[in-house]
Each structure stands twice: as C-alpha cells, then as structure tokens.
Amino acid sequence: MQGGNFLPPSGAGGIKCRCRRRADLGRPDGREGVTMRATLIGMLLCLCAALLQIEPAAAQFKMDPAEAKRLAEETQEDHENMMRQLGIRKLRPGPSANEKDPNHANYDEALANPFPDLPDLLTTKNGRKVTSAGMWWDVRRPEIVEDFEREVLGRVPPNVPAVKWTVVKTTRDKVGPHPVVGKRLAGRVDNASFPSISVEIDMILVTPAEAAGPVPVMMMFGFGTLPGEPVPEGPWGRMFTAPPGSDPPATEQLVAAGWGYAYINPGSIQADNGAGLRKGIIGLVNKGQFRKPDDWGALRAWAWGAGRGLDYLETDPAVDAARVGIEGVSRYGKAALVTMAMDRRFALVLVGSSGAGGAKLHRRNFGEAVENLTGSGEYHWMAGNFLKYGAAEADFGSRNAGDIPVDSHMLIALCAPRLTFISYGIPEQGDAHWLDQKGSFMAAVAAGPVFRLLGAKDLGVGDDYKKVILPAVNAGLLDGRLAWRQHDGGHTDGPNWKHFIPWADKFLKPGAVRR
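Residues numbered from 1 in each chain as written. Predicted model: local features only at pLDDT ≥ 70, side-chain atom pairs only at ≥ 80, totals over all residues. Heavy atoms only, no water.

Asker: Give a description of the sheet that holds strand 12 (residues 419-424) that names residues and reports values.
Answerer: Judged by pairing direction, the sheet is mixed, and its 9 strands sit side by side in the order 4-5-6-8-7-9-10-12-13 without closing on themselves. What marks the edges here is a single partner per strand, and that holds for strand 4 (163-175) and strand 13 (482-486). Neighbour-to-neighbour, the strand axes of the sheet open up by a mean angle of 15 degrees, direction not taken into account. Looking at chain direction, strand 10 (residues 348-352) and strand 12 are connected through 5 bridges and run parallel. Its bridge partner lying in strand 12, Val 351 is registered against Ile 422. Together, strand 4, strand 5 (178-189), strand 6 (200-208), strand 7 (215-221), strand 8 (260-264) and strand 9 (319-329) form the strand contacts of helix 8 (residues 298-313), whose direction differs from that of strand 6 by roughly 50 degrees. (Pairing = 2+ DSSP bridges. Helix = DSSP H or I, 4+ residues; strand = E, 2+ residues; numbered from the N terminus. Axes fitted to C-alpha atoms, helices over the stretch in contact; angles between N-to-C directions. Contact = heavy atoms within 4.5 Å.)

Listed below in structure tokens is the structure:
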C-alpha cells in the first residue's frame, strides 16, 4: 500500500491547501501546503491564513461562525498591540491579488523595481569588502543573521524548553513496490514553566526497509500519513487524490532512489494565524503574553521545530544525519528557506513557490508586497519589527521595503555552500504572478557571489541581477549547488522532484561531511 499516501499532485506533502490567497479562496487550481491540527478549527486556520476570510470559509468546513469571529478578533487585537508597541498609527494596505480590484497588485515590469539596488552581500557594516571564506563566516554572515533576526524573522529565545521525542507507532508496509519502515513520532516540549500551554510536535519518518546502511532523508513541511494509514474523511480526503498522468508522489520517488522521508506538522509547532501567537511554542515561551517586537514569528518557529525534528533524526540509526534536507511549498516554502538559512545542519533544501517572505525580493513592486506581510493576515509569519516597513504613519515617520536592511538574496546566501534548489511553476497553471517568479530568480542570481566565494558553483548566469532574463520553462539551471527550475505545472513543486533527486544525488555522497 502507498505510504505517505493519497497525496495531492505535488506529491510533496500529505495535505496541500487548495486556497492560496484571499482572492483565490475556494479555487481548485491553488494548492498550498497546510498544517493539520487535531481539530477542524486548526486545519481551517492553516487552510485560510487570511483571517478576514475565516467566516465565509467556515461554512464550507463546518466551522462554528462564532469561533471564527472570535479568532479573527483575537488576531486583530494582537496585530493592534504590536502596532502600539512600535508606535505605528497607520499601515499601508497591501495590494489585492484580484486583478479586477482597483488596488490590484502591479504586474508591469516597468514599475517593478522602485528600489533597484540590493544591500551588498559582501560588504561589512563598517565598509570592508569580504574577500575570503573566513571573513564571510566570522564577520559578514553573523551580521546578516542579526539583521534578519532583529528586523524580519525574529529571535529564537534562549530559554526555549527542551523537546523529548517518543516513537508512538512503528509500521512495516510498502511505498509503491518498496518495503519500508514507518515511525510516528511525538516531540513533547517541556512545559513545566507554563503548564497551561502544551506543545507536542507531530512527525513521521519512513525509511527503506532493505537499505544497506543509513539513508539520506527529506523532511517535508506538512501532514503525512504512515504507510497503510487510511485517507482522511470529508473534504480533506479529496485533496489526497492525484490527477491522472501525474508523476509518482515524492514519497515514492524518494524511496525508489534509496532515500527516506519525514513529514513534520507545522501546526503542531505554531498556529498559522495571529490569534495563535499566544499559544504554540511562541506562546509557551512567552507564558501566554503578547510578543515583543523582536520575538520570533511563525516562520522562525516552524524552522525551530524542523531543527528539533533533525535532533531526533540524528539519533536514528536508519538515517544519515549529514544528508538531511528540508522542503516546503508556498508559506512552507518560505519556512523551508528560513530553516536552511538558520540551521546549518541541513544539507539541502527544495524551496517551492515561496513568494514574499521566501525567495521573492522584498524590494520588488510586483505581486505580493511587504504591505501584505505586515497586514493582519500574514504578519504572524514575521517578527513584530517587520511591521515598521509597512508603516504609513508612526512615531518614527514612515518606512518601506527600501528601508529593510536585508533582502531575500541574503537569505538564499545564508544557505551557501549547501545545496539550494529554488522551484516555481507557471501562472497559467495556478502558480500566480503574485509570487513573482522573476523577482525570486533575481534574488538567486544576486546570491551567487557567496556560493562562489565558498567554492560552490552558482547558477552560472553572471551577477547582474538587474538585467537577468527568466530561463525558459522546464529549462533548469542544475549544474551547481545553487539551482533553479520553473516547471510547467501549478502551485506545487511536484514536477521538479524527478529533477531534484538526481541533482541532489550528484552532490551528496554517503559519509558526506556537513559544511
């Protein structure tokens, strides 16, 4: 029986959300990785991150309208609290993803680059040029990490409690024709400091049963089933069925290539909404109180959770812990990139359709904007301080994307020289212009000098990110440790797995040493 089964067409996550943005709610062509909670409330919140849409969505998924209203009000309360802490009186509204709306997003390349010059990757804050790997590791990289933690993603608190992993269930079954061993794991976070909030990280691990030794593993953000487990009932079950003609699920491709896979459930770490910021791991550490401006957001919390999952994998004899990767699509593509950037133990990453907050340049005026990320539907992904860059009126005046001290090319560069694969689909199939494929390619090009400085081949197209031309669809740039491929599918990384796995195998050899 298929393990991690009944996958949607991406094959990259057990359940993928079919709404992408507020304007796309209910559209069948949008698929985005979502977390599964123990209740329909949690699942719905992950399905529809824009809380303004909770009430109309509630009817479809049988969510109590009163509960939906309460959650929306709590999100608004939290958002307003952070604005008060920062002295912000008014935020600029983000553009609409609906091109029929009067405030629709810009898709004119002539207007797309109001801040054309990116922060210099290889110049330190005191103006010195970075000319060696040592300067990068010792000086420049820590500077960039500090800016991301203070202004964009937030800091992981020093007092985060320990996680104790337990194997809840072990199965033997098949993924396609391949015998496997599956484990369901629970990572219990010590909540002795604040017992009213409990956090238990949900993860599964599936490895080939007949492997001669430890295997590489791809950890994927999402909710997955163990081999042999039944498809969920209700509307969720329909999301597990791949259309005719799709590639085999990523799970089957991985196992066939001698890999294992893991699913880690982001919703078991931190809710995907502002109402949950006083719960989950963020709420536990803050003892149920509001965040401070440089506290971590959901992206950083999900990345922290993935790191705790890797802690377990390092103890499992079936896993080659030096060859563990991380993957996600859409908001979980953002989380995968953040995980790779901030935790150097991960050897590789597949970043799927990540858009703003992921690979897309903040400084680009194309599709989703900084002002969307600072609004009440998405601010919980980011540090509170990030709201400053959407401020129209504040005690400090106003700020915009050009004032952010870092940008996404720096986030990609933090992954160097490890294997980094940026994936997108095409707008015609549902991977909307909103995501700004070109802006993400520009960021990948701009990250190239750091890969080369550290002895790794980049995309091989030069350094002039201002003049790059987006490669043809299905024409991957896969010769280096930094890779790009835009497939001809939709909001998924599914069509790229058959390229990603051999690309990774080319560089990752058994007994690899982390860099």
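Structure's up, so let's keep going.
Asker: Give me the pairing of strand 7: which residues, what numbers.
Answerer: In terms of burial, strand 7 is a largely internal element, 7 of the 7 residues being buried. Relative to strand 9, strand 7 runs parallel, the two being bridged by 5 bridges. Along strand 9, the bridge assignment pairs Val 217 with Val 324. As paired strands, strand 7 and strand 8 are joined by 5 bridges and run parallel to one another. Across the sheet, Met 219 pairs through a bridge with Ala 262, a residue of strand 8. (Buried < 20%, exposed > 50% of the residue type's maximum accessible area, 1.4 Å probe, protein only.)

Asker: A description of the nonpolar core should follow, citing residues and the corresponding values.
Answerer: Counting residues in hydrophobic clusters, the biggest one holds 104 residues, and the most contacted among them are Trp 136, Phe 148, Ile 281 and Leu 313. Among the elements that line this core, the one with the most residues is helix 8, at 10 residues. Counting residues in hydrophobic clusters, the runner-up holds 26 residues, among them Val 206, Leu 254, Trp 259 and Leu 508. (Core = buried A, V, L, I, M, F, W, Y, C linked by side-chain atoms within 4.5 Å.)

Asker: I'd like to hear about the packing of aromatic side chains, residue by residue, with values.
Answerer: Aromatic ring pairs are reported here in terms of the distance separating the ring centres and the angle at which the planes meet. Tallied over the entire structure, the rule returns 14 aromatic pairs. With a centroid separation of 6.1 Å and 50 degrees between ring planes, the pair formed by Trp 165 and Tyr 312 is classed as tilted. In this pair, Trp 165 sits in strand 4 while Tyr 312 sits in helix 8, placing the two residues 147 residues apart along the sequence. Across the pair, Tyr 312 and Trp 165 agree in class, each one buried. When the ring of Trp 296 is compared with that of Trp 304, the centres are 6.0 Å apart and the planes differ by 90 degrees; the resulting orientation is edge-to-face. (Phe/Tyr/Trp six-rings, centres within 6.5 Å; stacked < 30°, edge-to-face > 60°.)

Asker: Let's hear about the pairing of strand 4: which residues, and what values?
Answerer: In this sheet, strand 5 lies alongside strand 4 in antiparallel orientation, the contact comprising 12 bridges. Across the sheet, the residue bridging to Lys 174 is Pro 179, located in strand 5. Hairpin connection from strand 4 to strand 5: 2 residues lie between these consecutive antiparallel strands, with Gly 176 at a positive phi of about 60 degrees.

Asker: Outline helix 12 (residues 437-453), supporting the account with residue identities and numerical values.
Answerer: For helix 12, built from 17 residues, the straight-helix expectation of 24 Å at 1.5 Å per residue is met to within 8% by its first-to-last C-alpha distance of 26 Å. Within helix 12, the axis deviates most sharply at Ala 447, by approximately 35 degrees, and proline Pro 449 lies no more than four positions further along. The element helix 12 is largely enclosed, with a buried count of 14 among its 17 residues. Just downstream of helix 12, Gly 455 is the residue with a positive phi angle, here 85 degrees. (Expected span 1.5 Å × (residues − 1). Bend = angle between axes of the 7 residues up to and from the residue.)

Asker: Outline the pattern of salt bridges, listing residues and values.
Answerer: Between side chains of opposite charge, a pair can form when the charged atoms approach closely. In total, this model carries 35 salt bridges according to the counting rule given. Measuring nitrogen to oxygen at the nearest pair gives 3.2 Å for the salt bridge that ties Arg 300 to Glu 149. Here Glu 149 lies in helix 4 (residues 133-152) and Arg 300 lies in helix 8, a separation of 151 residues in the sequence. A residue is classified by how much of its surface remains accessible, and Arg 300, at 9% relative accessible area, is buried. In this structure, Asp 202 engages Arg 184 in a salt bridge whose closest nitrogen and oxygen atoms are separated by 3.0 Å. One end of the pair, Asp 202, is in strand 6; the other, Arg 184, is in strand 5, and 18 residues separate them in sequence. Assessed through its relative accessible area of 15%, Arg 184 is described here as buried. (Salt bridge = Lys/Arg side-chain N within 4 Å of Asp/Glu carboxyl O.)

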